[in-house]
Amino acid sequence: MARPRADLPPAAMLRALIDAEGRLAVRVTPGARAEDIAIDDGRVSVKVRARPEDGKATAAVLALVATALEVAPSNVELLRGATSREKLLRIAPFAD
């Protein structure tokens, strides 16, 4: 049985939360049953199936955020929070 697709917000809603320096703060829940990105009161919550082992959850977060923003995974990098649930990402500039 195939896994359901991730529940992602519209890219424009997520892009609106990126600051002037291209940073996006996210709160991560690793080991979730389903992958999801939610926006509540301007805060981004990311749930990924990957476990927090050897950076697998962080890699899954970067890939999921890139998919949600409709950019290449190489355009999303981790600035802070490699071993924390609170992560700060940098999103490379993109053309609208």
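Residues numbered from 1 in each chain as written. Predicted model: local features only at pLDDT ≥ 70, side-chain atom pairs only at ≥ 80, totals over all residues. Heavy atoms only, no water.

1. Looking at the nonpolar core
Side chains of a nonpolar character, in soluble globular proteins, are inclined to be buried together.
So, step 1. One finds V46 and V65 to be the most contacted residues of the largest nonpolar core, which totals 22 residues.
So, step 2. Of all the secondary-structure elements, those providing two or more residues to this core are β1 (23-29), β3 (43-47), α2 (56-69) and β5 (86-91).
So, step 3. Residues contacting V46, with those up to four places away along its chain left out, are V26, R27, V28, T29, D36, I37, V61, L64 and V65. (Core = buried A, V, L, I, M, F, W, Y, C linked by side-chain atoms within 4.5 Å. Buried < 20%, exposed > 50% of the residue type's maximum accessible area, 1.4 Å probe, protein only. Helix = DSSP H or I, 4+ residues; strand = E, 2+ residues; numbered from the N terminus. Contact = heavy atoms within 4.5 Å.)

2. Side note on the sheet that holds strand β4 (residues 76-80)
Pairing between the strands of a sheet comes from backbone hydrogen bonds, and it takes one of two forms, parallel or antiparallel.
So, step 1. Here five strands make up an open sheet; going across it, the order is β2-β3-β1-β5-β4 and the pairing mixed. Looking at the sheet topology across the chains shown, the edges are occupied by β2 (36-40) and β4. Here the average twist between neighbouring strands, direction ignored, is 35°.
So, step 2. Sheet topology note: the β1/β3 ladder contains four bridges and is parallel. Its bridge partner being in β3, R27 is matched across the sheet by S45.
So, step 3. Contacts from α2 reach β1, β2, β3, β4 and β5, with the element oriented near 130° to β4. (Pairing = 2+ DSSP bridges. Axes fitted to C-alpha atoms, helices over the stretch in contact; angles between N-to-C directions.)

3. Observations regarding unusual backbone geometry
So, step 1. In this model, D54 sits at a positive phi of 55°, which is unusual for a non-glycine residue.
So, step 2. Within the element layout of this structure, D54 appears in the loop between β3 and α2.
So, step 3. Look at D54 and you get exposed, because its relative accessible area is 77%.
So, step 4. The backbone of E70 sits at a positive phi, close to 60°, despite the residue not being glycine.
So, step 5. Of note, E70 is situated in the loop between α2 and β4.

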